[in-house]
Amino acid sequence: MWDQPKVKAFRESPLPLAFPEDRVALGENLDQAVRLGLKPEGGFAENPYAFTEADLLRGKALYQSFCAICHGVRGEGDGRAIPLGVPKPRSYHDPAVRDQPEGYFYFAATNGFGRMLPYKSRIPERERWLIAHYIKRCLLSEACPEEVVHAEVH
Ligand code: HEC
């Protein structure tokens with residue numbers, strides 16, 4: 001099998017193969033705000049969900065499972081993977097990051113960011129929004145419910 005005497009190339013397809021530019025993979029959401037985290041008219045998409053306090057607890061657990069290993073439990077960019085060679089991300093408390101809308105964190109989780117990998121195929125859409133919501137409300141503002149701040153989540 002490794003040594004194939006036949007070297008004749010396949011012939012070109014007789015059919016024109018033109019794919020539309022906005023082609024999306026099978027099963028992907030066609031709504032650009034969901035798929036990319038961007039509004040069609042520009043700017044970051046807005047969170048379509050109203051989350052409860054119980055949701056926030058789950059957001060904390062999700063953040064700690066998926067993001068804290070690099071971004072740190074408080075979002076300071078000092079997660080446990082950094083000393084092992086992962087590039088150090090900016091702290092979320094850096095004004096350039098802190099002042100971004102929730103959609104910025106959804107965008108990064110969806111598409112990846114620079115050297116960070118995307119989580120679109122690993123974390124469902126609603127959960128990506130929940131993580132973004134947790135970051136803005138609990139790591140970057142004082143508006144986090146006490147129970148969520150003190151909860152031990154796994
Ligand atoms: C494996 C490590 C790793 C994990 C896990 C990770 N990130 Fe990142 N993230 C990075 C790195 C590294 C950067 C900076 C990339 C660069 O600048 O090239 C970054 C950048 C970001 C930024 C942009 C910050 C800025 O400088 O403006 C956001 C927002 C972000 N990540 C959110 C998340 C969220 C949300 C999660 C969890 C779903 C997550 N990240 C998980 C490594 C990680």
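All values reported here derive from a predicted model rather than from experimental measurement.

Okay, the UniProt feature "domain: Cytochrome c" (unreviewed entry) in the protein chain next. Here the UniProt feature "domain: Cytochrome c" (unreviewed entry) sits at residues 54–139. Summarising residues 54–139: 53% helix, 0% strand, and an end-to-end C-alpha distance of 17 Å.

We now examine the nonpolar core. With 19 residues, the main nonpolar core has F105, Y106, A109, I131, A132, Y134 and I135 as its most contacted residues. Elements represented by at least two residues in this core include exactly α2 (53–66), α5 (102–111) and α6 (125–139). For this core, the element with the most residues is α6, which contributes eight residues. Contacts of Y134, omitting those with residues within four sequence positions, involve L56, G59, K60 and Y63.

The subject of this paragraph is the site of the ligand. Not every one of the 21 residues close to the ligand is listed here, only the nearest: C67, C70, P89, G114 and M116. Of all the elements, α5 adds the most residues to the shell around the ligand, at four residues. The residue makeup of the shell around the ligand, split by class, is 17 nonpolar, two polar and two charged.

Once that is clear, we can look at α5. Judged by how many residues are buried, α5 sits mostly within the fold: eight of 10 residues are covered. All buried positions along α5 are accounted for by E102, G103, F105, Y106, F107, A108, A109 and T110. Considering only its buried residues, α5 is in contact with α6. Phi for G112, located one or two positions after α5, is positive at around 80°.

Rules used throughout
Residues numbered from 1 in each chain as written. Predicted model: local features only at pLDDT ≥ 70, side-chain atom pairs only at ≥ 80, totals over all residues. UniProt positions renumbered as here; feature names shortened; annotations may be inferred. Helix = DSSP H or I, 4+ residues; strand = E, 2+ residues; numbered from the N terminus. Core = buried A, V, L, I, M, F, W, Y, C linked by C-beta atoms within 7 Å. Buried ≥ 20, exposed ≤ 12 C-beta atoms within 10 Å, placed from the backbone. Contact = placed C-beta atoms within 7 Å. Near = placed C-beta within 6 Å. Nonpolar A, V, L, I, M, F, W, Y, C, P; charged D, E, K, R; others polar.

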